[in-house]
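Observations on the model geometry
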Amino acid sequence: MSVLRLGSVSRLGSVLRLASARSFGAAVDGIDGLLFSRLRVWWFGFDPRAVPIEAVTEAVVEEVVDVAEEPVDRLALAQKIWGPGFLVPGGVDYVMTMVKPFGVNPAMSLLDLTAGLGGPSRHVSQFFDVYITAMERAPEIAKRGQIMSVDAGLGKKVPVTAYDPETVELKPHAFDCAYAEYLTVSVVAKERLIREVMRSLKARGQFSFVDFVLAEGELEDPRLEALRRIERFAPMPWRIKEYTDCLSACGFDVRISEDHTDLFLRHVAQGWAQFVQNYDVKAMTRGNQQAVAEEAELWNARVAALQSGVLRVYRLYSVSTYGSVS
């Protein structure tokens, strides 16, 4: 039976093949085939939904090892893939790219609109000795992120709180800079949020964010169906011109608009390659294996949308024109 690749050229698949096929096979051989058939196919650059389970499932060893390892929930698992305190690819290097144009110094006040578990902002805070208001959309993630900030001795310097980006009202002229990762794609009231960010910035304030943008087709494009089914917050991507037009209309001068799709795919590949090299999947408990399978399915859907061409990843950096000399 033929197997359909994700797009004419499987960029992620080619990067992943740089990792040892033998080491990945050793990691997943002998465990529950129904759980990991999709993970195996995804790893090698194919679409799991195009391959019948029976075509890729290998013989299951009856004596599945149940190791005495702590249960791994989705948040703990994500950190094993992307790094301590991180829930998305890129790690420390990428968040530093996001804030580099800001010229951060200890006198500044920063706003993080996608705090997650707070890892990115804790790194920025410690590196620059700066206070950061860290806000997270998911309450349970914000709660754990605040505990991690307290444990790191940064409970007051990088407090993590929950908020709703659809209705948030930020303190006017409170921040020098704001940044976010993969937030606005799932926000309905995008323009309202961008105007609220503008209102929260001081004169000549700066806003940097990275997100998925619509590159082809329309919102109803079937290539986005897998994402709609699996994402916690449904994706409603704008085109890049809609973003730049909205930023300009809200009073921002857009300075940088860069396509980071290939970089994003490399970061995804690196994270998963590191994970399978560091963790023996076949020795995990059934519950932890299930967590890995679910996480792999989520990232497969995201990568598939990018490789199909319907989505791209863009980073935008803009400066508030408020207070500028005309």
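Heads up: these notes are all about the structure in this document. (Residues numbered from 1 in each chain as written. Predicted model: local features only at pLDDT ≥ 70, side-chain atom pairs only at ≥ 80, totals over all residues. Heavy atoms only, no water.)

**Let's talk about helix 5 (residues 74-82)**
Most of helix 5 is tucked away, with seven of its nine residues classed as buried. If you check which residues of helix 5 are buried, you get Leu75, Leu77, Ala78, Gln79, Lys80, Ile81 and Trp82. Contacts made by the buried residues of helix 5 are with helix 8 (139-151), helix 12 (261-278) and helix 13 (286-307). Of the residues flanking the start of helix 5, the one acting as N-cap is Asp73, its side-chain oxygen 3.2 Å from the backbone nitrogen of Leu75. Directly after helix 5, the chain includes Gly83, whose backbone phi takes a positive value near 115 degrees. (Buried < 20%, exposed > 50% of the residue type's maximum accessible area, 1.4 Å probe, protein only. Helix = DSSP H or I, 4+ residues; strand = E, 2+ residues; numbered from the N terminus. Contact = heavy atoms within 4.5 Å. Polar contact = N/O pair within 3.5 Å; in protein donor to acceptor, adjacent residues only side chain to side chain.)

**Description of the pattern of salt bridges**
Evaluated as defined, the whole model comprises 18 salt bridges. Between Arg199 and Glu196 there is a salt bridge, with the nearest N and O atoms lying 2.6 Å from each other. With Arg199 and Glu196 both in helix 9 (residues 190-200), this residue pair falls three residues apart, about one helical turn. For Arg199, a relative accessible area of 35% translates into the label partly exposed. Of the residues examined, Glu196 reaches a relative accessible area of 8% and is grouped as buried. Via salt bridges that share partners, Arg74, Glu294 and Glu295 belong to a single interconnected network. (Salt bridge = Lys/Arg side-chain N within 4 Å of Asp/Glu carboxyl O.)

**Concerning the sheet that holds strand 6 (residues 252-259)**
Sheet architecture is open: seven strands sit in the order 3-2-1-4-5-7-6, paired in mixed fashion. Every other strand in the sheet has two partners, leaving strand 3 (160-162) and strand 6 as the edge strands with one partner each. Here the strands of the sheet are splayed against their neighbours by 20 degrees on average, with no regard to which way each runs. On top of the sheet, helix 8 reaches strand 2 (131-136) and strand 3; it is set at about 165 degrees to strand 3, its chief contact. Across the sheet, helix 9 is in contact with strand 1 (109-112), strand 4 (175-181), strand 5 (201-214), strand 6 and strand 7 (311-320); its angle to strand 5 comes to roughly 155 degrees. (Pairing = 2+ DSSP bridges. Axes fitted to C-alpha atoms, helices over the stretch in contact; angles between N-to-C directions.)

**Digging into the pairing of strand 5**
Within strand 5, eleven of the 14 residues are buried, which leaves it mostly tucked inside the rest of the structure. Relative to strand 5, strand 4 is paired through six bridges, and the arrangement is parallel. The residue of strand 5 that forms the bridge with Ala178 is Phe207. For the handedness criterion, the β-α-β arrangement of strand 4, helix 9 and strand 5 is classed as right-handed. Strand direction decides the pairing type here: strand 5 and strand 7, joined by nine bridges, are antiparallel. Counted as the bridge partner of Leu214 is Leu311 from strand 7. (Right-handed = clockwise from strand over helix to strand, strands pointing away.)

**Quick look at the side chain of Ser320**
On the secondary structure map, Ser320 appears in strand 7. Aside from chain neighbours lying at most four places away, what touches Ser320 is Met198, Lys202, Arg204, Gly205, Gly251 and Phe252.

**Concerning the layout of surface pockets**
The method is simple in principle: a probe with the dimensions of a water molecule rolls over the atoms, and the space it marks as empty is what remains. Its boundaries defined by the atoms lining it, the largest pocket holds a volume of some 930 Å³. As for the largest pocket, its lining consists of 38 residues, of which Leu87, Val88, Ile141, Glu231 and Arg302 are closest to the centre. Taken together, the elements giving at least two residues each to the lining of the largest pocket come down to helix 5, helix 8, helix 10 (225-230) and helix 13. Among the elements that make up the lining of the largest pocket, the one with the highest residue count is helix 13 (four residues). (1 Å grid on protein atoms, 1.4 Å probe; cavity = no way out; pocket = protein on both sides within 12 Å on 5 of 7 lines; lining within 4 Å. Points joined across faces, edges and corners; volume = space filled by probe spheres on them.)

**Here we look at empty space enclosed by the protein**
Summed over all chains, the structure comprises two cavities of 30 Å³ or more. Within this model, the second largest cavity holds a volume of roughly 40 Å³. Lining the second largest cavity, in full, are Pro89, Tyr94, Tyr182, Val210, His260, Leu263, Phe264, His267 and Val313. Tallying contributions element by element places helix 12 first for the lining of the second largest cavity, with three residues. Looking at side-chain class alone, the lining of the second largest cavity contains seven nonpolar, two polar and no charged residues. (Nonpolar A, V, L, I, M, F, W, Y, C, P; charged D, E, K, R; others polar.)

**Concerning the state of the cysteines**
Using the criterion set out here, one finds zero disulfides in the structure. Of all cysteine sulfurs in the structure, the one in Cys250 sits closest to Cys246, which takes part in no disulfide; the separation is 4.0 Å. On the basis of relative accessible area, Cys246 is assigned to the buried category, the value being 7%. Take Cys250: its relative accessible area is 8%, and that puts it in the buried class. (Disulfide = S-S within 2.5 Å.)

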